[in-house]
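# Secondary and tertiary structure notes
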Amino acid sequence: MDVELRQLRCLVAIVDEGTFTDAALVLGVSQAAVSRTLASLERALGVRLLRRTSREVTPTATGLRVLAHARRVLGEVADLVQEATTGRASLRIGYAWSALGRHTLAFQREWARAHPGTELRLVRVNSPTAGLAEGACDMAVLRRVPDDRRLDTVIVGLERRLCALAADDPLARRRSVRLADLAGRVLLVDRRTGTTTTDLFPPDARPATKDTHDVDEWLTAISTGRCVGMTAESTAHQYPRPGVVYRPVRDAEPLAVRLAWWRDDPHPSARTAVELVSELYRAG
């Protein structure tokens, strides 16, 4: 089955303009070409898309569904062309669990003020490269060194490690905890994107672990009191949750926050983003 963009444009034009004649004018082709293009699309899909009378053209039920998809596809293609030809229409920054924590809003506002011609988009992708490898973003916020050698990274700041506990956990009464306090507990870890492993703990005081795959799942499990978690400080700012409290782990090393991008294809605004985020962490 081969469906072409010109066929989708033709379908959208017919519905938007109301007649084959007006669609032909918009598309800059003959009315006969519009009829042939629509017919070829209906043959390719094996369904009837439009009802045509002497007075009007209306989509069938299937046609309405195809039309909705066609609009989305054409919109995404337009975005692709703009992104590829200008490189400055938007800057997509991916993150796995938390973006920049308490600096996220300041970053968004300062970027909008200083760079109104480049839209900033924050994209949550729970993968080891926070969406870079998947093509979902142009840069990524990472809190561990990526394995992919095609990426360049720079440290833009440091964050404390926090322990996440149920609000009624005995440790929640303390202002801070130590790694050894978590011995005998079940620690929720995300092995794909997380920053916590049992190597952080003393050999004789390592907790048991249980896998999780999403921050919402992580928080829900912790709130029951059956598990605890350890995370970057940014998570506490990004995801406050009733029934869950965060306490600093005073003997755990801080986490480095990195921005990453493709070495051979950096976004034109990459350096500017690095400078702004670094300044926010320094000022904070």
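Check the entry above for the structure.
The model shown is predicted, which means the values in this text are computed figures rather than measured ones.

## A word on the overall build of the chain
Scanning the chain for helices and strands turns up eight helices and twelve strands. In terms of overall dimensions, the chain is more spread out than a globule: its C-alpha atoms have a radius of gyration of 26 Å, far above the 19 Å expected for 284 residues. Within the chain, counting contacts between residues at least 6 apart in sequence, those at least 24 apart form 69% of the total. In the structure as shown, the chain presents an accessible area of about 15,200 Å², 50% of it carried by carbon and sulfur atoms. Positive and negative side-chain charges in the chain, numbering 41 and 35 respectively, have mean positions lying 3 Å apart.

## Considering the packing of aromatic side chains
All chains considered together, the criterion is met by two aromatic pairs. The interplanar angle of 70° and the centroid separation of 5.1 Å between the aromatic rings of W97 and W218 together place this pair among those described as edge-to-face. Of this pair, W97 sits in the loop between β3 (90-95) and α5 (104-114) while W218 sits in helix α6 (residues 215-223), and the two are 121 residues apart along the sequence. Taken individually, W97 and W218 each receive the classification buried, so the pair is uniform in this respect. Between R52 and the ring centre of F20, over which it is positioned, the NZ or CZ distance is 3.9 Å.

## Details of the nonpolar core
The biggest cluster of nonpolar side chains holds 35 residues, and the ones touching the most others in it are F107, M139, W218, Y246 and L259. At the level of secondary structure, the elements contributing two or more residues to this core comprise β3, α5, β5 (139-142), β7 (161-166), α6, β11 (244-248), β12 (255-262) and α8 (270-283). Considering each element in turn, this core owes the most residues, seven residues, to α8. Non-local contacts of M139, meaning those with residues more than four positions away in its chain, are made with L91, R92, I93, G94, L132, L259, A260, W261, A270, A273 and V274. Residues F20, A24, V34 and L49 belong to the second largest nonpolar core, which totals 19 residues.

## Notes on the sheet that holds strand β9 (residues 208-211)
Read across the sheet, five strands follow the order β9-β8-β10-β7-β11 without closing on themselves; strand pairing throughout is mixed. A strand with exactly one partner marks an edge of an open sheet, and here the two such strands are β9 and β11. Going from strand to strand, the sheet's axes swing by 35° on average, the running direction of each strand aside. When β7 meets strand β10 (residues 228-232), the two strands line up antiparallel, connected through four bridges. Bridging from a neighbouring strand, C163 pairs with M230 of β10.

## Description of α6
Since the α-helix advances by 3.6 residues per turn, residues separated by three or four positions end up pointing in the same direction. Taken residue by residue, α6 has V215, W218, L219, A221 and I222 as its buried positions. Along the long axis of α6, the arc covered by the buried residues comes to 165°, so they all point the same way. Buried-residue contacts for α6 involve β4 (119-124), β7, β8 (186-189), β10, α7 (233-238) and β11. Its side-chain oxygen 2.8 Å from the backbone nitrogen of D216, D214 forms the N-cap of α6. Positive phi shows up at G225, right after α6, with a value of about 90°.

## Quick word on the sheet that holds β5
Taken together, the five strands give an open sheet; going across it, the order is β4-β3-β5-β12-β6, and neighbouring strands pair in mixed fashion. At either margin of the open sheet sits one strand with a lone partner, and together these are β4 and β6 (151-159). Direction aside, neighbouring strands of the sheet carry axes that sit 25° apart on average. Each of β3, β5, β6 and β12 touches α8; the most contacted strand, β6, lies at about 15° to it.

## Examining the environment of V73
Mapped onto the secondary structure, V73 falls in helix α4 (residues 61-86). Between the alpha carbons of V73 and R160 there is a distance of 43 Å; along the sequence they are 87 residues apart.

What counts and how
Residues numbered from 1 in each chain as written. Predicted model: local features only at pLDDT ≥ 70, side-chain atom pairs only at ≥ 80, totals over all residues. Heavy atoms only, no water. Helix = DSSP H or I, 4+ residues; strand = E, 2+ residues; numbered from the N terminus. Rg over C-alpha atoms; globule rule 2.2 N^0.38 Å. Contact = heavy atoms within 4.5 Å. Areas by Shrake-Rupley, 256 points an atom, 1.4 Å probe, with all protein chains shown as cover. Lys, Arg positive; Asp, Glu negative; His and termini not counted. Charge placed at Lys NZ, Arg CZ, Asp CG, Glu CD. Phe/Tyr/Trp six-rings, centres within 6.5 Å; stacked < 30°, edge-to-face > 60°. Buried < 20%, exposed > 50% of the residue type's maximum accessible area, 1.4 Å probe, protein only. Lys NZ or Arg CZ within 6 Å of the ring centre and 35° of its normal. Core = buried A, V, L, I, M, F, W, Y, C linked by side-chain atoms within 4.5 Å. Pairing = 2+ DSSP bridges. Axes fitted to C-alpha atoms, helices over the stretch in contact; angles between N-to-C directions. Arc of directions from axis to C-beta. Polar contact = N/O pair within 3.5 Å; in protein donor to acceptor, adjacent residues only side chain to side chain.

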